[in-house]
Number of protein chains: 2
Amino acid sequence: MNDMGKKLQFEDIKLIEATKDDLELIMGWRSNPLIYKYFYHQNAPLKWDEHITFWESRKNRIDWIINLRYNSHWRKIGSINISKLTDEKPEIGLFIGELTSWGSGYGKKAVKLALKYLKNTNYTGATASVSKENIGSQKLFEQLNFKRTSSIKLDKEWLYTIEFKK
Amino acid sequence: MNDMGKKLQFEDIKLIEATKDDLELIMGWRSNPLIYKYFYHQNAPLKWDEHITFWESRKNRIDWIINLRYNSHWRKIGSINISKLTDEKPEIGLFIGELTSWGSGYGKKAVKLALKYLKNTNYTGATASVSKENIGSQKLFEQLNFKRTSSIKLDKEWLYTIEFKK
(Lines give C-alpha, C1' and ligand atoms only; values in the text may rest on other atoms or scores of the structure.)
Protein backbone atom coordinates (compact mmCIF):
# COMPACT_ATOMS: atom_id res chain seq x y z
CA MET A 1 0.00 0.00 0.00
CA ASN A 2 1.23 3.45 -0.89
CA ASP A 3 -0.12 5.82 1.74
CA MET A 4 2.36 8.48 0.74
CA GLY A 5 4.02 8.76 4.08
CA LYS A 6 0.74 9.63 5.74
CA LYS A 7 0.03 7.08 8.43
CA LEU A 8 -3.52 5.82 8.68
CA GLN A 9 -3.53 6.18 12.43
CA PHE A 10 -5.15 7.93 15.37
CA GLU A 11 -3.94 7.61 18.92
CA ASP A 12 -5.96 4.45 19.58
CA ILE A 13 -6.96 3.18 16.12
CA LYS A 14 -4.74 2.37 13.16
CA LEU A 15 -5.21 0.57 9.85
CA ILE A 16 -2.64 -1.99 8.74
CA GLU A 17 -2.99 -3.66 5.37
CA ALA A 18 -4.31 -7.21 5.78
CA THR A 19 -2.10 -10.12 4.76
CA LYS A 20 -2.61 -13.84 4.23
CA ASP A 21 -1.72 -14.33 7.90
CA ASP A 22 -4.96 -12.56 8.82
CA LEU A 23 -7.19 -14.87 6.80
CA GLU A 24 -8.16 -17.21 9.64
CA LEU A 25 -9.04 -14.25 11.85
CA ILE A 26 -11.10 -12.56 9.12
CA MET A 27 -12.82 -15.86 8.38
CA GLY A 28 -13.52 -16.39 12.08
CA TRP A 29 -15.13 -12.98 12.41
CA ARG A 30 -17.10 -13.32 9.16
CA SER A 31 -18.37 -16.75 10.20
CA ASN A 32 -20.18 -15.32 13.22
CA PRO A 33 -23.95 -15.10 12.65
CA LEU A 34 -24.06 -11.96 14.82
CA ILE A 35 -21.85 -10.38 12.14
CA TYR A 36 -22.85 -11.96 8.83
CA LYS A 37 -26.53 -11.29 9.43
CA TYR A 38 -25.76 -7.84 8.03
CA PHE A 39 -23.97 -9.16 4.92
CA TYR A 40 -25.95 -9.24 1.69
CA HIS A 41 -24.09 -12.16 0.13
CA GLN A 42 -23.78 -14.48 3.12
CA ASN A 43 -26.13 -16.44 5.36
CA ALA A 44 -23.88 -19.19 6.78
CA PRO A 45 -20.33 -19.60 8.12
CA LEU A 46 -17.66 -19.38 5.41
CA LYS A 47 -15.86 -22.27 3.77
CA TRP A 48 -12.10 -21.96 3.43
CA ASP A 49 -12.12 -22.53 -0.34
CA GLU A 50 -14.61 -19.70 -0.87
CA HIS A 51 -12.66 -17.47 1.47
CA ILE A 52 -9.27 -18.01 -0.13
CA THR A 53 -10.72 -17.73 -3.63
CA PHE A 54 -12.33 -14.42 -2.75
CA TRP A 55 -9.05 -13.21 -1.27
CA GLU A 56 -6.89 -14.19 -4.19
CA SER A 57 -9.25 -12.84 -6.82
CA ARG A 58 -9.64 -9.39 -5.26
CA LYS A 59 -9.12 -6.56 -7.73
CA ASN A 60 -9.23 -2.79 -7.32
CA ARG A 61 -9.55 -3.25 -3.61
CA ILE A 62 -7.54 -2.69 -0.42
CA ASP A 63 -8.22 -4.53 2.85
CA TRP A 64 -6.93 -3.33 6.18
CA ILE A 65 -7.12 -4.75 9.68
CA ILE A 66 -8.45 -2.28 12.25
CA ASN A 67 -6.08 -2.25 15.23
CA LEU A 68 -7.03 -0.86 18.65
CA ARG A 69 -4.56 0.35 21.25
CA TYR A 70 -5.53 -0.58 24.80
CA ASN A 71 -3.21 -0.60 27.80
CA SER A 72 -0.29 0.21 25.47
CA HIS A 73 -0.92 -2.98 23.48
CA TRP A 74 -2.32 -3.06 19.92
CA ARG A 75 -4.82 -5.74 19.01
CA LYS A 76 -6.86 -6.61 15.93
CA ILE A 77 -10.57 -5.85 16.29
CA GLY A 78 -12.00 -5.73 12.79
CA SER A 79 -11.61 -5.17 9.10
CA ILE A 80 -12.19 -2.32 6.66
CA ASN A 81 -11.83 -2.27 2.91
CA ILE A 82 -12.13 0.05 -0.03
CA SER A 83 -13.32 -1.58 -3.24
CA LYS A 84 -14.17 -0.34 -6.76
CA LEU A 85 -10.94 1.66 -6.76
CA THR A 86 -11.40 2.34 -10.48
CA ASP A 87 -14.55 4.38 -9.71
CA GLU A 88 -14.40 8.07 -8.87
CA LYS A 89 -16.15 7.30 -5.59
CA PRO A 90 -14.93 3.93 -4.33
CA GLU A 91 -16.93 1.88 -1.84
CA ILE A 92 -16.04 1.52 1.84
CA GLY A 93 -17.00 -1.65 3.70
CA LEU A 94 -16.21 -2.59 7.28
CA PHE A 95 -17.08 -4.65 10.30
CA ILE A 96 -15.89 -4.76 13.90
CA GLY A 97 -15.18 -8.44 14.49
CA GLU A 98 -14.76 -8.03 18.24
CA LEU A 99 -18.46 -7.93 19.09
CA THR A 100 -18.08 -6.58 22.61
CA SER A 101 -16.36 -3.48 21.17
CA TRP A 102 -19.39 -2.44 19.16
CA GLY A 103 -20.73 1.02 19.97
CA SER A 104 -17.34 2.37 21.06
CA GLY A 105 -16.79 4.54 17.98
CA TYR A 106 -13.90 2.45 16.64
CA GLY A 107 -15.62 1.79 13.32
CA LYS A 108 -16.18 5.51 12.85
CA LYS A 109 -12.49 6.23 13.40
CA ALA A 110 -11.58 3.51 10.92
CA VAL A 111 -13.88 5.03 8.28
CA LYS A 112 -12.31 8.45 8.92
CA LEU A 113 -8.93 6.92 8.15
CA ALA A 114 -10.26 5.28 4.98
CA LEU A 115 -11.67 8.65 3.90
CA LYS A 116 -8.29 10.23 4.59
CA TYR A 117 -6.71 7.63 2.32
CA LEU A 118 -9.20 8.40 -0.47
CA LYS A 119 -8.74 12.17 -0.14
CA ASN A 120 -4.97 11.79 -0.21
CA THR A 121 -5.33 9.74 -3.39
CA ASN A 122 -7.50 12.42 -5.06
CA TYR A 123 -10.79 10.59 -5.30
CA THR A 124 -13.90 12.80 -5.43
CA GLY A 125 -15.89 10.97 -2.76
CA ALA A 126 -16.93 7.59 -1.44
CA THR A 127 -19.94 5.30 -1.13
CA ALA A 128 -21.09 2.68 1.34
CA SER A 129 -23.75 0.02 1.04
CA VAL A 130 -25.45 -0.66 4.38
CA SER A 131 -28.06 -3.23 5.42
CA LYS A 132 -31.37 -1.60 6.29
CA GLU A 133 -31.29 -3.67 9.47
CA ASN A 134 -27.92 -2.31 10.55
CA ILE A 135 -28.94 0.84 12.38
CA GLY A 136 -25.52 1.27 14.02
CA SER A 137 -23.75 1.34 10.69
CA GLN A 138 -26.30 3.75 9.21
CA LYS A 139 -25.70 6.16 12.10
CA LEU A 140 -21.96 5.84 11.67
CA PHE A 141 -22.04 6.95 8.04
CA GLU A 142 -24.61 9.68 8.72
CA GLN A 143 -22.44 11.12 11.50
CA LEU A 144 -19.60 11.30 8.97
CA ASN A 145 -21.82 13.32 6.58
CA PHE A 146 -22.62 10.55 4.14
CA LYS A 147 -26.06 11.03 2.53
CA ARG A 148 -28.53 8.24 1.90
CA THR A 149 -28.87 8.34 -1.90
CA SER A 150 -30.82 5.24 -2.91
CA SER A 151 -32.32 1.90 -1.99
CA ILE A 152 -30.35 -0.94 -3.54
CA LYS A 153 -29.92 -4.73 -3.65
CA LEU A 154 -33.61 -5.67 -3.79
CA ASP A 155 -34.35 -2.94 -1.26
CA LYS A 156 -32.27 -4.67 1.41
CA GLU A 157 -29.56 -1.99 1.62
CA TRP A 158 -29.15 1.77 1.57
CA LEU A 159 -26.53 3.35 -0.63
CA TYR A 160 -24.72 6.13 1.17
CA THR A 161 -22.58 8.70 -0.69
CA ILE A 162 -20.22 11.48 0.29
CA GLU A 163 -18.70 14.15 -1.95
CA PHE A 164 -15.37 15.53 -0.83
CA LYS A 165 -15.08 19.30 -0.68
CA LYS A 166 -12.74 20.73 -3.27
CA MET B 1 6.43 -26.82 25.83
CA ASN B 2 8.66 -29.80 26.29
CA ASP B 3 7.31 -32.54 24.06
CA MET B 4 10.53 -34.47 24.39
CA GLY B 5 11.39 -34.40 20.72
CA LYS B 6 8.15 -36.11 19.82
CA LYS B 7 6.24 -33.90 17.44
CA LEU B 8 2.52 -33.55 18.04
CA GLN B 9 1.75 -34.02 14.38
CA PHE B 10 -0.03 -36.19 11.83
CA GLU B 11 0.24 -35.67 8.10
CA ASP B 12 -2.59 -33.13 8.00
CA ILE B 13 -3.05 -32.06 11.65
CA LYS B 14 -0.50 -30.64 14.06
CA LEU B 15 -0.63 -28.92 17.42
CA ILE B 16 1.41 -25.78 18.00
CA GLU B 17 1.44 -24.15 21.40
CA ALA B 18 -0.75 -21.04 21.41
CA THR B 19 0.84 -17.64 21.98
CA LYS B 20 -0.43 -14.16 22.72
CA ASP B 21 -0.52 -13.56 18.98
CA ASP B 22 -3.35 -16.10 18.76
CA LEU B 23 -5.56 -14.34 21.29
CA GLU B 24 -7.69 -12.39 18.82
CA LEU B 25 -8.31 -15.54 16.78
CA ILE B 26 -9.22 -17.61 19.85
CA MET B 27 -11.48 -14.81 21.07
CA GLY B 28 -13.10 -14.56 17.64
CA TRP B 29 -13.87 -18.28 17.58
CA ARG B 30 -15.07 -18.33 21.19
CA SER B 31 -17.35 -15.35 20.57
CA ASN B 32 -19.39 -17.25 18.00
CA PRO B 33 -22.77 -18.37 19.39
CA LEU B 34 -22.59 -21.50 17.21
CA ILE B 35 -19.51 -22.43 19.28
CA TYR B 36 -20.09 -21.04 22.78
CA LYS B 37 -23.54 -22.61 23.02
CA TYR B 38 -21.64 -25.73 24.10
CA PHE B 39 -19.58 -23.92 26.77
CA TYR B 40 -20.74 -24.24 30.34
CA HIS B 41 -19.33 -20.91 31.52
CA GLN B 42 -20.28 -18.66 28.63
CA ASN B 43 -23.47 -17.39 27.03
CA ALA B 44 -22.35 -14.23 25.22
CA PRO B 45 -19.40 -13.00 23.12
CA LEU B 46 -16.23 -12.48 25.14
CA LYS B 47 -14.87 -9.20 26.42
CA TRP B 48 -11.17 -8.57 25.89
CA ASP B 49 -10.47 -7.92 29.57
CA GLU B 50 -12.00 -11.25 30.58
CA HIS B 51 -10.14 -13.02 27.80
CA ILE B 52 -6.72 -11.61 28.61
CA THR B 53 -7.23 -12.13 32.34
CA PHE B 54 -8.14 -15.76 31.75
CA TRP B 55 -5.09 -16.18 29.52
CA GLU B 56 -2.63 -14.62 31.89
CA SER B 57 -3.92 -16.45 34.95
CA ARG B 58 -3.81 -19.93 33.42
CA LYS B 59 -2.05 -22.47 35.62
CA ASN B 60 -1.34 -26.15 35.14
CA ARG B 61 -2.61 -25.89 31.61
CA ILE B 62 -1.30 -26.04 28.04
CA ASP B 63 -3.14 -24.51 25.07
CA TRP B 64 -2.38 -25.45 21.50
CA ILE B 65 -3.69 -24.22 18.17
CA ILE B 66 -4.92 -27.02 15.91
CA ASN B 67 -3.35 -26.56 12.48
CA LEU B 68 -4.68 -28.22 9.32
CA ARG B 69 -2.65 -28.87 6.19
CA TYR B 70 -4.59 -28.30 2.97
CA ASN B 71 -3.09 -27.78 -0.47
CA SER B 72 0.38 -27.78 1.12
CA HIS B 73 -0.55 -24.79 3.30
CA TRP B 74 -1.07 -24.97 7.08
CA ARG B 75 -3.88 -22.95 8.60
CA LYS B 76 -5.31 -22.53 12.08
CA ILE B 77 -8.71 -24.17 12.55
CA GLY B 78 -9.24 -24.55 16.29
CA SER B 79 -7.89 -24.89 19.78
CA ILE B 80 -7.20 -27.75 22.19
CA ASN B 81 -5.99 -27.60 25.75
CA ILE B 82 -5.04 -29.84 28.63
CA SER B 83 -5.83 -28.47 32.08
CA LYS B 84 -5.51 -29.76 35.65
CA LEU B 85 -1.98 -30.93 34.86
CA THR B 86 -1.40 -31.60 38.55
CA ASP B 87 -4.05 -34.36 38.46
CA GLU B 88 -3.20 -37.93 37.50
CA LYS B 89 -5.79 -37.70 34.74
CA PRO B 90 -5.75 -34.17 33.34
CA GLU B 91 -8.70 -32.74 31.41
CA ILE B 92 -8.80 -32.28 27.66
CA GLY B 93 -10.90 -29.49 26.15
CA LEU B 94 -11.20 -28.47 22.51
CA PHE B 95 -13.19 -26.76 19.82
CA ILE B 96 -12.92 -26.48 16.07
CA GLY B 97 -13.28 -22.75 15.44
CA GLU B 98 -13.64 -23.15 11.68
CA LEU B 99 -17.30 -24.17 11.69
CA THR B 100 -17.40 -25.49 8.13
CA SER B 101 -14.70 -28.02 9.05
CA TRP B 102 -16.85 -29.71 11.68
CA GLY B 103 -17.44 -33.40 11.09
CA SER B 104 -14.18 -33.94 9.22
CA GLY B 105 -12.41 -35.81 12.02
CA TYR B 106 -9.90 -33.05 12.74
CA GLY B 107 -10.94 -32.74 16.38
CA LYS B 108 -10.45 -36.47 16.85
CA LYS B 109 -6.93 -36.28 15.47
CA ALA B 110 -6.16 -33.36 17.75
CA VAL B 111 -7.36 -35.32 20.79
CA LYS B 112 -5.19 -38.28 19.70
CA LEU B 113 -2.20 -35.95 19.74
CA ALA B 114 -3.13 -34.58 23.17
CA LEU B 115 -3.39 -38.18 24.44
CA LYS B 116 0.03 -38.88 22.97
CA TYR B 117 1.39 -35.91 24.88
CA LEU B 118 -0.12 -37.21 28.14
CA LYS B 119 1.15 -40.74 27.60
CA ASN B 120 4.62 -39.44 26.82
CA THR B 121 4.52 -37.47 30.05
CA ASN B 122 3.52 -40.54 32.09
CA TYR B 123 0.02 -39.57 33.13
CA THR B 124 -2.35 -42.47 33.88
CA GLY B 125 -5.29 -41.26 31.83
CA ALA B 126 -7.40 -38.27 30.85
CA THR B 127 -10.86 -36.80 31.31
CA ALA B 128 -13.17 -34.61 29.24
CA SER B 129 -16.24 -32.67 30.22
CA VAL B 130 -18.78 -32.51 27.37
CA SER B 131 -22.10 -30.70 27.03
CA LYS B 132 -25.02 -33.11 26.88
CA GLU B 133 -26.19 -31.17 23.82
CA ASN B 134 -22.91 -31.68 21.97
CA ILE B 135 -23.51 -35.05 20.33
CA GLY B 136 -20.57 -34.67 17.94
CA SER B 137 -18.12 -34.21 20.78
CA GLN B 138 -19.59 -37.15 22.73
CA LYS B 139 -19.10 -39.40 19.70
CA LEU B 140 -15.55 -38.15 19.29
CA PHE B 141 -14.54 -39.16 22.82
CA GLU B 142 -16.44 -42.46 22.65
CA GLN B 143 -14.68 -43.40 19.42
CA LEU B 144 -11.38 -42.82 21.23
CA ASN B 145 -12.43 -45.25 23.99
CA PHE B 146 -13.30 -42.69 26.64
CA LYS B 147 -16.06 -43.96 28.96
CA ARG B 148 -18.94 -41.84 30.21
CA THR B 149 -18.38 -41.92 33.99
CA SER B 150 -20.75 -39.35 35.50
CA SER B 151 -23.18 -36.51 35.04
CA ILE B 152 -21.66 -33.21 36.20
CA LYS B 153 -22.16 -29.45 36.33
CA LEU B 154 -25.83 -29.43 37.31
CA ASP B 155 -26.45 -32.34 34.94
CA LYS B 156 -25.51 -30.22 31.93
CA GLU B 157 -22.35 -32.16 31.03
CA TRP B 158 -21.03 -35.69 30.87
CA LEU B 159 -17.68 -36.54 32.37
CA TYR B 160 -15.68 -38.85 30.11
CA THR B 161 -12.64 -40.75 31.36
CA ILE B 162 -9.95 -42.90 29.79
CA GLU B 163 -7.34 -45.05 31.56
CA PHE B 164 -4.11 -45.61 29.67
CA LYS B 165 -2.97 -49.21 29.32
CA LYS B 166 0.17 -49.93 31.26
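A. Structural view of the interface of chain A and chain B. Tallying the contact residues gives 23 residues for chain A and 23 residues for chain B. Interface of chain A and chain B: buried area, both sides summed, is about 1,800 Å²; carbon and sulfur atoms make up 65% of it. It is Glu24, Trp48 and Thr100 of chain A in chain A that bury the most area against chain B; as a group they hold 29% of the surface buried on that side. Viewed at the interface, chain B and chain A are joined by zero salt bridges. Where chain A touches chain B, the interface holds eight residue pairs in polar contact (both at pLDDT 80 or more). Elements supplying a minimum of two residues to the side of chain A that touches chain B: helix H1 (23–30), helix H2 (33–36), helix H3 (48–56) and strand E3 (73–83) of chain A. Residue contributions to the side of chain A that touches chain B peak at five residues, all from H1 of chain A.

B. Spotlight on the side chain of Asn32 of chain A. For Asn32 of chain A, the location among the structural elements is in the loop between H1 and H2. Reaching out from Asn32 of chain A, the side chain makes a polar contact with the backbone oxygen of Ser31 of chain B at a distance of 2.8 Å. For Asn32 of chain A, the residues in contact, after removing those within four places along its chain, are Leu99 of chain A together with Ser31, Asn32 and Pro33 of chain B.

C. Summary view of the relation of the copies chain A and chain B. Taken as rigid bodies, chain A and chain B are interconverted by a rotation of 180 degrees and an axial shift of 0.0 Å, the fit giving an RMSD of 0.0 Å. What we have between these two chains is a two-fold relation. Take the interface residues of chain A: 100% of them recur as interface residues in chain B, which is what a same-surface contact looks like.

D. How the structure looks around the packing of aromatic side chains. Residue and element names in this part refer to chain B. With the rule as written, the count across this model stands at 12 aromatic pairs over all chains. Here Trp64 and Tyr117 contribute two aromatic rings whose centre-to-centre distance is 5.3 Å and whose plane-to-plane angle is 75 degrees, an arrangement assigned as edge-to-face. Of this pair, Trp64 sits in strand E2 (residues 62–70) while Tyr117 sits in helix H4 (residues 106–120), and the two are 53 residues apart along the sequence. Take Trp64: its relative accessible area is 0%, and that puts it in the buried class.

Calculation notes
Residues numbered from 1 in each chain as written. Chains lettered and ligands numbered in written order. Predicted model: local features only at pLDDT ≥ 70, side-chain atom pairs only at ≥ 80, totals over all residues. Heavy atoms only, no water. Contact = heavy atoms within 4.5 Å. Buried area = accessible area lost by both parts, 1.4 Å probe. Salt bridge = Lys/Arg side-chain N within 4 Å of Asp/Glu carboxyl O. Polar contact = N/O pair within 3.5 Å; in protein donor to acceptor, adjacent residues only side chain to side chain. Helix = DSSP H or I, 4+ residues; strand = E, 2+ residues; numbered from the N terminus. Least-squares fit on C-alpha atoms with pLDDT ≥ 70 in both. Phe/Tyr/Trp six-rings, centres within 6.5 Å; stacked < 30°, edge-to-face > 60°. Buried < 20%, exposed > 50% of the residue type's maximum accessible area, 1.4 Å probe, protein only.

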